[in-house]
Amino acid sequence: MLVKALIAIAFLAIGILVGYIIRKNKAEKTIGSAETMAKNLILDAENRSEAIRKETLADARAEAHSIKQDAERDIRERREEVKKTERRLVQKEESLDRKIENIEQKEEGISKKQRALAEKEKELDGFIEKQIAELERISGCTAEEAKAQLLESIEKDVRRDASIMIKDIETKAKEEADRRAKEIITGAIQRCAADHVAETTVSVVPLPNDEMKGRIIGREGRNIRAIETATGVDLIIDDTPEAVILSGFDPVRREIARVALEKLIVDGRIHPARIEEMVEKAEKEVNNIIKEEGESATFEMGIHNLHPELVKLLGRLEYRTSYGQNVLKHSLEVAHLAGLMAGELGMDVKLAQRAGLLHDIGKALDHEIQGTHVDIGIDVLRKYKESEAVIDAMAAHHGDYEPKSPEAVLVAAADALSAARPGARRETLDTYIKRLQKLEEIANTTPGVEKSFAIQAGREIRIIARPDEVSDDAMALLAREISKKIESELEYPGQIKVNVIRETRAVDYAK
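Computed from a prediction, not measured in an experiment: that's the story for all the values here.

Caption draft 1: Structural view of the sheet that holds strand E1 (residues 202-206). The strand order across the open sheet built from 3 strands is E1-E3-E2, with neighbouring strands paired in antiparallel fashion. The open sheet is flanked by E1 and strand E2 (234-236), the only strands paired with a single partner. If you compare each strand with its neighbour and ignore which way they point, the axes differ by 25° on average. Of the strands in this sheet, E1 and strand E3 (243-247) touch helix H5 (residues 251-267), which is tilted by about 10° from E1.

Caption draft 2: Just the nonpolar core, in detail. Ranked by internal contacts, the top residues of the largest apolar core, which has 43 residues, are Leu310 and Leu381. Counting only elements with at least two residues in this core, the list comes to helix H6 (272-301), helix H7 (308-316), helix H8 (327-345), helix H9 (349-358), helix H10 (373-383), helix H11 (388-395) and helix H12 (406-420). Examining the composition of this core, we find that 9 residues originate from one element, H8, more than from any other. Residue contacts for Leu310: discarding those within four places in its chain leaves Ile361, Val380, Leu381, Tyr384 and Glu386. Listed in part, the 27 residues of the second largest apolar core include Ile224, Val244, Val259 and Ile270.

Caption draft 3: Representation of the environment of Thr445 within the structure. As for its position among the elements, Thr445 is in the loop between helix H13 (429-444) and strand E6 (449-455). For Thr445 and Ile482, which are 37 residues apart along the polypeptide, the C-alpha to C-alpha distance reads 9.6 Å. Of the polar contacts made by the side chain of Thr445, one reaches the backbone oxygen of Ile442; its length is 3.1 Å.

Caption draft 4: Highlighting H11. H11 sits mainly inside the fold: 6 of its 8 residues count as buried. For H11, the set of buried residues is Val390, Ile391, Asp392, Ala393, Met394 and Ala395.

Caption draft 5: Looking closely at the pattern of salt bridges. All told, the structure shown has 17 salt bridges when counted by the stated rule. Salt-bridge contacts for Glu277 lead to Arg274; the nearest nitrogen and oxygen are separated by 3.1 Å. Of the two residues, Glu277 and Arg274 are both situated in helix H6; the distance of 3 residues between them amounts to about one turn of the helix. A relative accessible area of 11% means that Arg274 is categorised as buried. Note that Arg354 and Glu386 form a salt bridge whose closest N and O atoms lie 2.9 Å from each other. In this pair, Arg354 is assigned in helix H9 and Glu386 in the loop between H10 and H11, connecting sequence segments 32 residues apart.

Rules used throughout
Residues numbered from 1 in each chain as written. Predicted model: local features only at pLDDT ≥ 70, side-chain atom pairs only at ≥ 80, totals over all residues. Heavy atoms only, no water. Pairing = 2+ DSSP bridges. Helix = DSSP H or I, 4+ residues; strand = E, 2+ residues; numbered from the N terminus. Axes fitted to C-alpha atoms, helices over the stretch in contact; angles between N-to-C directions. Contact = heavy atoms within 4.5 Å. Core = buried A, V, L, I, M, F, W, Y, C linked by side-chain atoms within 4.5 Å. Buried < 20%, exposed > 50% of the residue type's maximum accessible area, 1.4 Å probe, protein only. Polar contact = N/O pair within 3.5 Å; in protein donor to acceptor, adjacent residues only side chain to side chain. Salt bridge = Lys/Arg side-chain N within 4 Å of Asp/Glu carboxyl O.

Now the structure itself:
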């Protein structure tokens, strides 16, 4: 067995050796064949690359030759164009030289003509001076005097034509404006009527008998002092039978004192403690009346969303008067008039009514706060968040501020209309006479006026013109001149009619 194993191992070793030798020979043959193929491939690639290189080089040379030919052709064409351009420039230069030469020749000719014209102008000036001197010698006046006479004559003609045109235009405009204004204002006044009370700073309280005066005065005057201290109003007890006078600038305080005193008279118990109690009750009663009056005014005008404090201030106007006119009634009338005119003209009716009702709101506080009622009203309305449109219309109703809306103009017109209509306001006799005298003085100091008469309670001035100084055509200018002087020198409610009359009379006697 061992021998067999050894023999098997020997055969196996021989087989492996023989296999190795055979594989080595095959591998060497394979490597040699691969090297030969690689050499052949490299040689073939070199041959092909040489051929491609030669072919590419030939193509590049042909392309370069073509590009060179194209470039040479472009260069030749551009040279031709440059030559043509040079020839054109030379021709233009020659043409410009000829034109410049012609212009120089013309300038020389113009210079000669200018020198000739200057010489002729000197001759003409001398001739004109001689003619002017001769004309001045013949006419007997200088050129300036003749010019002044001519301008004066032209001015007269122009003024005459202007006065005629102004008269025609004003006549037509006034006719149309008067017709339309009368329709609007008449309709507004017919639909609005307000009562007015007389302005006063005193109130009269009737007494059942004269013995009540002693009880009001009290022991050593303690009752009357208590009343005056509690109300801030002066009591005047004089010889007036069965009456006591209350005097005070604040109408609300005066009303509180009146109500309290009437309650004390009815009650009969008059002493300091009772006086204070009655004054307190009177204050509550008057405050309730003020609130009711304010609410009634806003309800009447259909105005809503008004601040409660503004409603109270409106109610206070019931006890405030101006030139004898109740301010609350006046405010309602202005609101009605402004609203009616706004409706006729297609404007904001609610805005006009609201601004008209509030336009004098500052008068409710002008006894307590410094400043004009317009400025006080602006501050109050801004404090209670009124719109700027209402504030602007209120501020402009006396011309202190420029109106910013058509409704503001209507409020101002309604205020003037309510204040100026007959019977609305009361003036003192002295003020009334002074205004009429000033009105006539303004007219009488105007050149061309013979005399003047203030009539219709100062709402019209009738002027008699001197017929030898004022022509018919110049009457319109005279009326306008006097109107402007009245506007600038006189303060008045409403408007004043200036009526100029020119009359020529011829008188003779039959003998």
